[in-house]
Protein chains: 2
Amino acid sequence: MVVTLKDIANRIGKSVTTVSRALHDYNDVSPETKELVHQVAEEMGYSPNTLAQRLQKRQSDTIGLILPTFGPRFSDPFFSELLAGIGNKAVSLGYDLLVSTSSPGERELQIYKKMVNGRRVDGFIVVRTRKEDRRVEYLLEKDFPFVAFGRVGINNEFPYVDEDGAYGMRSIAKHLVTLGFTNIGCIAPDPQLTFASSRVDGLRAGLTDHGITLDEDYVCIGDLTQSGGYKQANCLLDKLHPPSAIVACNDLMAFGAMSAIQDRGLIVGEDVAVTGFDDIPMAEHTHPPLTTVHQPVYQIGGMVCEMLIKRIQGVPMDDEHLVLKPSLIVRKSCGEK
Amino acid sequence: MVVTLKDIANRIGKSVTTVSRALHDYNDVSPETKELVHQVAEEMGYSPNTLAQRLQKRQSDTIGLILPTFGPRFSDPFFSELLAGIGNKAVSLGYDLLVSTSSPGERELQIYKKMVNGRRVDGFIVVRTRKEDRRVEYLLEKDFPFVAFGRVGINNEFPYVDEDGAYGMRSIAKHLVTLGFTNIGCIAPDPQLTFASSRVDGLRAGLTDHGITLDEDYVCIGDLTQSGGYKQANCLLDKLHPPSAIVACNDLMAFGAMSAIQDRGLIVGEDVAVTGFDDIPMAEHTHPPLTTVHQPVYQIGGMVCEMLIKRIQGVPMDDEHLVLKPSLIVRKSCGEK
DNA sequence: GTAGTTTTCCAAAACGTTTTGGAAACAATT
DNA sequence: AATTGTTTCCAAAACGTTTTGGAAAACTAC
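In this numbering scheme, every chain counts its residues from 1 along its sequence in written order. Chain letters start at A and ligand numbers start at 1, both assigned in the order the entries are written. Restriction of local features to residues with pLDDT of at least 70 applies here, the model being predicted, together with a cutoff of 80 or more for giving and counting side-chain atom pairs; totals for whole chains, interfaces and linings are based on all residues. With hydrogens and water excluded, all non-hydrogen atoms of the structure serve as input to the side-chain values.

Asker: I keep staring at the nonpolar core and nothing clicks. Help me out?
Answerer: Generally speaking, a soluble globular protein has its nonpolar side chains buried in company with each other. One finds A:Leu176, A:Ile246, B:Leu176 and B:Ile246 to be the most contacted residues of the largest nonpolar core, which totals 98 residues. Once residues lying within four places of it in the same chain are set aside, the contact partners of B:Leu176 are B:Phe181, B:Ile184, B:Ala245, B:Val247, B:Ala273, B:Thr275 and B:Cys334. As used here, the term nonpolar core means buried Ala, Val, Leu, Ile, Met, Phe, Trp, Tyr and Cys residues forming a set that is joined through side-chain atoms within 4.5 Å. Categorising residues by exposure relies on relative accessible area from a 1.4 Å probe, with only protein chains included: less than 20% of the type maximum marks a residue as buried, more than 50% marks it as exposed, and the intermediate range marks it as partly exposed. Counting residues in each nonpolar core, the second largest holds 58 residues, with A:Ala90, A:Val161, B:Met307 and B:Leu308 among its members. Contact between two residues is taken to exist if any of their heavy atoms lie within 4.5 Å; hydrogens are not considered.

Asker: Mind showing me how you'd approach the packing of helix H10 (residues 226-237) of chain A against helix H11 (residues 251-263) of chain A here?
Answerer: Each pair of packed helices can be summarised by the angle the axes make with each other and by the distance between the axes. Residues and elements named next belong to chain A. The axes are straight lines fitted to the C-alpha atoms, using for helices just the contacting stretch, and the angles between their N-to-C directions are given from 0 to 180°. Counting from the N terminus, the helices are DSSP H or I runs at least four residues long and the strands are E runs at least two residues long. Following both chains from N to C, one finds H10 and H11 inclined at 50 degrees, their axes separated by 6 Å at the closest point. In terms of their interaxial angle, H10 and H11 are classed as oblique. Relative to H11, the crossing made by H10 is right-handed. Residues Gln226, Gly229, Tyr230, Ala233, Asn234 and Leu237 of H10 touch H11, and the partners they reach there are Leu252, Met253, Phe255, Gly256, Ala257, Ser259, Ala260, Ile261 and Asp263. Split by residue class, the contact of H10 with H11 holds nine nonpolar, five polar and one charged. Roughly parallel refers to an angle under 35 degrees, roughly antiparallel to one over 145, roughly perpendicular to one between 65 and 115, and oblique to any angle outside these ranges. Left-handed describes a crossing whose near helix is turned anticlockwise from the far helix through less than a right angle; right-handed describes the clockwise counterpart. Three categories are distinguished: nonpolar for Ala, Val, Leu, Ile, Met, Phe, Trp, Tyr, Cys and Pro, charged for Asp, Glu, Lys and Arg, and polar for the others, with Gly belonging to the last.

Asker: Teacher, can you tell me more about the pattern of salt bridges here?
Answerer: Here the idea is simple: oppositely charged side chains can pair when their charged atoms come close. By definition, a salt bridge exists where a carboxyl oxygen of Asp or Glu is found within 4 Å of a side-chain nitrogen of Lys or Arg. Using the criterion set out here, one finds 40 salt bridges over all chains in the structure. When the shortest N-O distance is used, the salt bridge between B:Glu163 and B:Arg199 registers 2.9 Å. Here B:Arg199 lies in helix H9 (residues 194-209) and B:Glu163 lies in strand S5 (residues 160-163), a separation of 36 residues in the sequence. For the pair B:Glu163 and B:Arg199, one class covers both residues: buried. One connected set of salt bridges, linked through shared partners, spans A:Glu108, A:Arg130, A:Asp133 and A:Arg135.

Asker: So what exactly am I meant to see when it comes to the sheet that holds strand S7 (residues 219-221) of chain A here?
Answerer: Picture the strands of a sheet paired through backbone hydrogen bonds; they go either parallel or antiparallel. Residue and element names in this part refer to chain A. Read across the sheet, four strands follow the order S7-S6-S8-S9 without closing on themselves; strand pairing throughout is parallel. Edge positions in the sheet fall to S7 and strand S9 (273-275), since each of these pairs with one other strand and no more. Neighbour to neighbour, the strand axes of the sheet diverge by 20 degrees on average, direction disregarded. Seen against the sheet, H11 touches strand S6 (184-188), strand S8 (245-248) and S9 and runs at an angle of roughly 165 degrees to S9. For two strands to be treated as a pair, DSSP must find at least two bridges joining them.

Asker: Explanation requested: the protein's contact with DNA strand D in the structure shown.
Answerer: We call a residue near a given molecule or strand whenever any one of its heavy atoms falls within 4 Å of it. As a matter of local geometry, DNA strand D sits amid 27 residues, with A:Thr17, A:Thr18, B:Ser20, B:His24 and B:Tyr26 nearest to it. Within the side chain of A:Thr17, a nitrogen or oxygen atom sits 2.8 Å from a base nitrogen of DNA strand D. Within the side chain of B:Tyr26, one N or O atom sits 2.8 Å away from a phosphate oxygen of DNA strand D. Mapped by element, the contributors of at least two residues to the surface near DNA strand D are helix H2 (16-23) and helix H4 (50-57) of chain A together with helix H2 (16-23) and helix H4 (50-57) of chain B. Among the elements that line the surface near DNA strand D, the one with the most residues is H2(B), at four residues. The residue makeup of the surface near DNA strand D, split by class, is eight nonpolar, 15 polar and four charged. Nitrogen and oxygen atoms within 3.5 Å of one another constitute a polar contact, given that in protein one can donate a hydrogen and the other can accept it, and given that sequence-neighbouring residues count only through two side-chain atoms.

Asker: Which parts of the structure should I look at to understand the relation of the copies chain A and chain B?
Answerer: Copies of the same chain, two in number, are related to each other by a rotation about an axis and a translation along it. Once chain A is rotated about the relating axis by 180 degrees and shifted along it by 0.0 Å, it coincides with chain B to within an RMSD of 0.1 Å. Here the copies are linked by what is in effect a two-fold axis. Taken as a fraction of all interface residues of chain A, those also at the interface in chain B reach 100%, which identifies the copy contact as same-surface. Least squares is the method used to superpose the copies, on C-alpha atoms of residues holding a pLDDT of at least 70 in both.

Asker: Could you clarify how one ought to interpret the protein's contact with DNA strand C in this entry?
Answerer: DNA strand C sits among 28 residues. The nearest are A:Ser20, A:His24, B:Lys14, B:Thr17 and B:Thr18. Among the atoms of DNA strand C close to the protein, meaning within 4 Å, 62% are from sugar or phosphate groups. At 3.0 Å from a phosphate oxygen of DNA strand C is found a side-chain nitrogen or oxygen belonging to A:His24. Here a sugar or linking oxygen of DNA strand C sits 3.1 Å away from a polar atom, N or O, in the side chain of A:Tyr46. Looking at the surface near DNA strand C element by element, the count peaks at four residues for H2(A). Residues of the surface near DNA strand C, tallied by class, amount to nine nonpolar, 15 polar and four charged.

Asker: Is there a simple way to think about the sheet that holds strand S9 (residues 273-275) of chain B in this case?
Answerer: Residue and element names in this part refer to chain B. If you walk across this open sheet you meet the four strands as S7-S6-S8-S9, and the pairing is parallel. In the strand order of this sheet, the two ends are held by strand S7 (219-221) and S9, each with one partner. On average, each strand axis in the sheet is inclined to that of its neighbour by 20 degrees, with strand direction left out of account. Of the strand pairs in this sheet, strand S6 (residues 184-188) and S7 are connected by three bridges, and their pairing is parallel. Each residue of the ladder has a partner; that of cysteine 186, found in S7, is valine 219. Sheet contacts for helix H8 (residues 165-178): S6, strand S8 (245-248) and S9; angle to S8, the most-contacted strand, approximately 170 degrees.

Note that every value here comes from positions in space, so none of it alone points to a role or purpose.
Given below as structure tokens:
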């Protein structure tokens, strides 16, 4: 049924070794034999059994990505773009991508362990890092190759790519202050996430630089979805002195905030300003278009993937720690300039 | 370094066979030996090498999913939800999920071939089917297991799950007619996609039922992204007699249409009605909330995954062809009730 | 004590590759 | 003619499992 090296060998009356070496173009096989082997292999429709090759190589040529989903309806455009970036780079470098999904927690860690123990993958890409991250602790302890998108609370002794969230938020702060906003609310992510602090702290620092303090009562915590942004924006708007600008820590929550504002008959960009973070493609076509901070997510996917493969193959990386400066994208959600 | 059966066997002075059988709880191993094996295995931290097991079983226990991405910035919440549905079901049934990304075309087919020939996966989930679909032709010809989400133009002799797009669109048509709309525009997907016709035809039929004809000039083709919806809505609105209702064939394009309307100072739901299709989570929190047709994408992911695994294992399926009736979700983008 | 049965074990083969370490055949050099 | 070198090949081992087909040892029944 399925053609193996042995079948080819039997057919041409040579050994399996010779067939294998002929196909790999070793120079201890005569040109005539090579020609014959290639021809017969082609004719019989031979393709090597990847599993056998991998067992022999003791490499799975596969990288693992476990997406942290929150709730069953996981629907985040950010991750689909990251996935495309990782996936395309992986195929171009000859690696498979093994994807799993799990909400953070014990089950998630079990999946990592299962993959490591069963040698199913050669390394991981860890995304949405947390301040105390069991995943990176585990992988570090096992000395298992991985590259993270994001950093952890302490001891970042592993390769990562991260964006300078504080810098991005300072840009936002400066932009808002320049436009005259002083009463500012913020929708932050779960504080266990590393990027929560860097972004919120960046915002606070940026405002302080201009003599404005961010009231802690005006920092709400959302779940990074549009629905979460909607709810938290409502909290903010229900206050006695509602903020005139809402800084959401990702675009999805910013969209929710915009809806909350509009549902009250207020106009985004006139009555209340809104900003986001990430610059997902949808941000360009909301009404009004969202002022946000751009992260090259697709490219980042490619970068982490490439770094991981270098790590796996023992090729030195140009730079183990990459921190990208995100850029402010001014659109119209904070009013016309 | 890594513990194998042989290590355990050496340590306790038994054969590899016995250790293997003890771990699998065969009854030709004495209780004492079993106990000992388990204990030592535990102590040495043994985990079987998945690659070796798979080679021996001649099964990869892996299912393949190749996402058709359009352009580098692939950012579709629909697919992340589907992925979560497939992924969670796969781990719960002990399968790995191999994900790749490619834009439709020759390269895409190459990826399928590579996976099939190298026996890297035991089956595929094919998504976003086309009327003439090289992928299903290929898999059918190779008699390789797969389950599709969606149908093809002719000869649907393979297991699939699909939604009744025509039915969904008829609901939309009826809803709009009931609300008094007569001048209707449509933003359709690429007509090569199977669901393009079923949806547009369904709309047309639904309108005809109520004595309204869908003007072909009022059917534009969008690329299923928000940006595409924005552009095509503008085309529609630029007409001499612009439609008073825009029916988009997915939610993302509906969002774009809403922005286009709002950018002209018009009010969605008052001046122009908009409808979508899919009911992605974001649809609930746009302004106004989007009237659309609900597809249980997460569940569908689980279903196709389960069907595929049955197909792979030769277990008969309850039903090889599942066509789901989507339900109309009335919100506010066509005006208050 | 013998024949049969049950319990417990294992060597060897198999899965499909790649690598190792020669060996045979022939040619070139002294 | 003996030595060295080159070309071409391959048997065997290895990767880490599981399965097959016994076989030895220990009981059971008469």
